[in-house]
Amino acid sequence: MGESAAYEVWHGDSLIGELWDLSVDQPWFLCLFVPGVDWSEVSPLFAAQEEARCRDFPEHLIGAIAAVRDLDVELRPVAGGEPIRPWMIYLTEGRASFRY
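Below, the structure is looked at part by part.

Conventions we followed
- Residues numbered from 1 in each chain as written.
- Predicted model: local features only at pLDDT ≥ 70, side-chain atom pairs only at ≥ 80, totals over all residues.
- Heavy atoms only, no water.
- Helix = DSSP H or I, 4+ residues; strand = E, 2+ residues; numbered from the N terminus.
- Rg over C-alpha atoms; globule rule 2.2 N^0.38 Å.
- Buried < 20%, exposed > 50% of the residue type's maximum accessible area, 1.4 Å probe, protein only.
- Areas by Shrake-Rupley, 256 points an atom, 1.4 Å probe, with all protein chains shown as cover.
- Lys, Arg positive; Asp, Glu negative; His and termini not counted.
- Charge placed at Lys NZ, Arg CZ, Asp CG, Glu CD.
- Axes fitted to C-alpha atoms, helices over the stretch in contact; angles between N-to-C directions.
- Parallel < 35°, antiparallel > 145°, perpendicular 65-115°, else oblique.
- Left-handed = near helix turned anticlockwise from the far one by under 90°.
- Contact = heavy atoms within 4.5 Å.
- Nonpolar A, V, L, I, M, F, W, Y, C, P; charged D, E, K, R; others polar.
- Core = buried A, V, L, I, M, F, W, Y, C linked by side-chain atoms within 4.5 Å.
- Pairing = 2+ DSSP bridges.
- Salt bridge = Lys/Arg side-chain N within 4 Å of Asp/Glu carboxyl O.

## Digging into the overall build of the chain
In terms of helices and strands, the chain carries two helices and six strands. In sequence order, the secondary structure elements of the chain are arranged as β-β-β-α-α-β-β-β. The C-alpha radius of gyration computed for the chain amounts to 13 Å, which stays within 12% of the reference 13 Å derived for 100 residues, consistent with globular compactness. Taken along its principal axes, the extent of the C-alpha atoms in the chain is 40 × 30 × 20 Å. Taken over 100 residues, the chain has a buried fraction of 39%. A total accessible area of about 5800 Å² is found for the chain, and carbon and sulfur atoms account for 51% of it. Taken as two groups, the 7 positive and 17 negative side-chain charges of the chain have centres that lie 7 Å from each other.

Right under this line is the structure:
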């Protein structure tokens, strides 16, 4: 990993983690995810979303995707600059992907 994270991941006033080592697989940005102090507050929502993705988004699990979207997650660049509000973001311990 580099010397510092590329982005901090925020939900309101809660720091839920950091994104490191960005690469791109259009349209997705791929990263390492390091959970933050407030990760436990939102991790069940991301776990449910990951389950939906692993099962090819069955209709009865679609609500998990909307629940994560409704969090209004913000990615704040560590080096400064404008925050990003991803259109879709997947976070699991150790990895992440997002698009905006």
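## As for the packing of helix H1 (residues 39–54) against helix H2 (residues 62–69)
At a closest axis distance of 8 Å, the pairing of H1 and H2 adopts a crossing angle of 140°. The orientation of H1 relative to H2 falls into the category oblique. Along this stretch, H1 crosses H2, giving a crossing that reads as left-handed. Residue-level inspection shows Leu45, Phe46, Ala48, Gln49 and Ala52 of H1 in contact with H2, the latter providing Ala64, Ile65, Ala67 and Val68. In the contact of H1 with H2, the residues fall into eight nonpolar, one polar and no charged.

## Structural notes on the nonpolar core
One recurring pattern in soluble globular proteins is that nonpolar side chains are buried together. Of all hydrophobic cores here, the largest spans 19 residues; its most connected members are Leu19, Phe46, Leu75 and Leu91. Residue assignment for this core shows that the elements contributing at least two residues are strand S1 (7–11), strand S2 (14–25), strand S3 (28–35), H1, strand S5 (88–92) and strand S6 (95–99). Filtering out sequence-adjacent residues up to four positions away, Phe46 remains in contact with Ile16, Trp39, Val68, Leu71, Val73, Ile89 and Leu91. In this structure, Ala52, Leu61, Met88 and Tyr90 belong to the second largest nonpolar core, which totals five residues.

## Section: the sheet that holds S2
The six strands lie next to each other as S4-S1-S2-S3-S6-S5, forming an open sheet whose pairing is antiparallel. Each edge of the open sheet is held by one strand with a lone partner, namely strand S4 (74–77) and S5. Each strand axis lies, on average, 30° off the axis of its neighbour in the sheet, ignoring direction. By the bridge criterion, seven bridges tie S2 to S3 in an arrangement that is antiparallel. Pairing of Asp25 across the sheet is with Trp28, part of S3.

## Regarding the pattern of salt bridges
One pass over the structure, following the stated rule, counts six salt bridges. The residue Glu50 makes a salt bridge to Arg53 at a minimum N-O spacing of 2.9 Å. Of the two residues, Glu50 and Arg53 are both situated in helix H1; the distance of three residues between them amounts to about one turn of the helix. Arg53 gets classed as partly exposed once you look at its relative accessible area, which sits at 24%. Of the charged contacts, one joins Glu51 and Arg55 as a salt bridge, the two residues approaching to 3.3 Å between their closest N and O atoms. Residue classification places Glu51 among the partly exposed positions, given a relative accessible area of 38%.

## Thoughts on the side chain of Thr92
Tracing the sequence through the fold places Thr92 in strand S5. Judged by its relative accessible area of 18%, Thr92 falls in the buried class. If near-sequence neighbours (up to four positions away) are discounted, Thr92 is found in contact with Phe33 and Glu50.

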